[in-house]
Every structure is written in C-alpha cells, then in structure tokens.
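A closer look at the structure
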Amino acid sequence: MPRPENVQGEFYVDHTCIDCDTCRWIAPDFYGRVGSQSAMTAQPQTDEDRILSFQALLSCPTYSIHSTGDKSELKTAVDRYPEPVKGAEGVYYCGYNSEKSYGGSAWLVVREGGNVMIDSPRFDPKLVKRVKALGGVKYIFLTHRDDVADHDSWAAEFGAERIIHASECNSQQGTECDLEIIHTPGHTFGHCVLLHKPSQALFSGDHLAFSREPPGQLRIFKDYNWYSVPKQVESVRKLLDYDFLYVLPGHGRPRRMRDAAHRLQLIHDLLKHEGAL
Ligand code: SF4
C-alpha cells in the first residue's frame, strides 16, 4: 500500500520503509522524509530522473519502493551499479543495500592488488555479474559484525578472503600497503574502518558519517551503540592522524571534504560537540 504522503505518480514508497535514508541521498530531488519514513516528494520527469529513481528502488533494503510505470530505464539503473564515487578513483558504491545490514551501504575498491569489497551488499545476480566485470572480489573488509549481510555468498562466489577484527568473529585480519585498517572501538568493540590511501577514501562503517541535521557536520552513531560512546569519541580523535577526504559510511551520507583543513575542522567540531575538547 502506498503511503498517503507520496506525491501521486508512477513511483511510490510503502509502509515497510525502515527510514534508512538510502533513497534520499541517492535521489534527493524525488525522495524525502515525511513523518518518520520516506515518501516521493516529487515524481521523476526526465529519463535521467527515472534512472535515479530506479537506482533508489534497487538499493532500498526492504523493497519498499515501487514503480507502476514504464520500466525501460530500469536496465540502465541496473547497469550503473557498482557506481563510481565521483573524484575517488577506483572507488564504487555497490547499491543493493541489505536489510540484514540494517540498510547499510557497501563499497568496492578496484585495485591492482585485488579488489576489496567493504561491508556487504545484497547478493543479487545482477550485481554479481557487474562486480565480476570489474575483476571480482579478492578481499571483503567487514567493518563490524552487524553490517555483514550476504558476505558468505560473496566470499564463496569469488573465493574472497574476509577481514574483520578478531573480536567481531574468528576471521583473520589483514592489511596491504595502499590500505590501512584502523581499529575504531566504540560502536562495537572490534569496529574497524578502512583507509584506501590512493583515493583518500575512508570507509567508516558505523563509526561516523555526515549528519542530516545539522547538514554538513560529522557525527557519530550514538543511538545504536553496542559498546561505548566515550570509546567511540576517542576513536574519532585517532582519525586526526589520517589523511582522507571522502567519508563513505555504512549508514549516513557519503561526502567529500574540501581539503585537509576542512577535515581537521570537522573532526575538531565533532570532538567539541561531544565535549571532548
Ligand atoms: S531506501 Fe527504502 S527503507 Fe530506506 S528510506 Fe528509502 S524507502 Fe525507506
């Protein structure tokens, strides 16, 4: 059943929406938060609008988005995933967020030493085919235990080695020179983030992300903390030592910072907000 809050038209959101924000950052011109769930705030008009709306539909973890109209742009939307992150060479957003990861996003780094998947998208044959075309997956880096989705299917499909902090499960840890694993306890004890140095992309899992309100600020995930908020704040301080411009989270909005000074300012602002400065 469509939510009554939808603007009438071919796309609609139903009552099963879990308010994960994914559709709203993929296609903010058409999806918005109305009440405590998403709804269509405008209907797509052009082909490009429809492709974006279908990308949001494909990435909705709960299949809460529907289209009653022409499906001809759906194939183009399928072909867009994994989608390059603008400006971050070799870095892709996988789409196909999974409800098993509470709607968390997954990412792919395409690199000479073997591709790395960060957290896990849904194991969808259409995405598998596209990932295969990009060279498959050598490593799956799981930032922590609750965003692992279909990691076992992805690992089996590509013979990929899974990397996760020892306290999160019994899997092995690993690192390579262009990648650095940073232990960021807080959300969970063994939560780790991954820095891909060539693209300056920090895959932040559930450690920190850009906030909805106020917009443009870094914030930690305090509402869903399974270990320790003070430790999480200390783990934020640790990031002052690392060089990154992109924050690509599991939950929350991906974004690029202007430069190192901007990054330092935002981390300082976050520490101040948490009373740690
Ligand atoms: S992607 Fe799906 S579950 Fe997430 S906010 Fe949009 S409609 Fe809701």
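Under an unreviewed UniProt entry, the chain has the name Metallo-hydrolase/oxidoreductase and belongs to Coccomyxa subellipsoidea.

Strand order in this open sheet of five strands is E11-E12-E13-E16-E17, and the pairing throughout is mixed. Of all strands in the sheet, those with a lone pairing partner are strand E11 (179-183) and strand E17 (255-256), marking the two edges. Pairing analysis gives three bridges linking strand E12 (residues 192-196) to strand E13 (residues 201-205), with the strands arranged antiparallel. Directly across from Leu194, in E13, lies its bridge partner Phe203.

Attention now moves to unusual backbone geometry. Following Tyr81, the chain continues into Pro82 via a peptide bond in cis, with omega recorded as -5°. Residue placement: Pro82 occurs in the loop between helix H3 (74-80) and strand E5 (83-84). A cis amide bond links Glu213 with the next residue in sequence, Pro214, at an omega value of -5°. Along the chain, the position of Pro214 falls in the loop between strand E14 (208-210) and strand E15 (218-220). Even without being glycine, Tyr96 reaches a positive phi, approximately 50°. Residue position: Tyr96 is located in the loop between strand E6 (91-93) and strand E7 (107-109). The phi torsion at Gln200 lies on the positive side, around 55°, for a residue other than glycine. Within the secondary structure, Gln200 is located in the loop between E12 and E13.

In the contact formed by helix H4 (residues 125-133) and helix H5 (residues 151-158), the axes pass within 12 Å of each other and the chain directions differ by 45°. One element, H4, and the other, H5, form an angle in the oblique class. The crossing of H4 and H5 is right-handed. Judged by residue contacts, Leu127, Val128, Val131 and Lys132 of H4 engage Trp154, Glu157 and Phe158 from H5. Its residues assigned to classes, the contact of H4 with H5 shows five nonpolar, no polar and two charged.

Calculation criteria
Residues numbered from 1 in each chain as written. Predicted model: local features only at pLDDT ≥ 70, side-chain atom pairs only at ≥ 80, totals over all residues. Heavy atoms only, no water. Pairing = 2+ DSSP bridges. Helix = DSSP H or I, 4+ residues; strand = E, 2+ residues; numbered from the N terminus. Axes fitted to C-alpha atoms, helices over the stretch in contact; angles between N-to-C directions. Parallel < 35°, antiparallel > 145°, perpendicular 65-115°, else oblique. Left-handed = near helix turned anticlockwise from the far one by under 90°. Contact = heavy atoms within 4.5 Å. Nonpolar A, V, L, I, M, F, W, Y, C, P; charged D, E, K, R; others polar.

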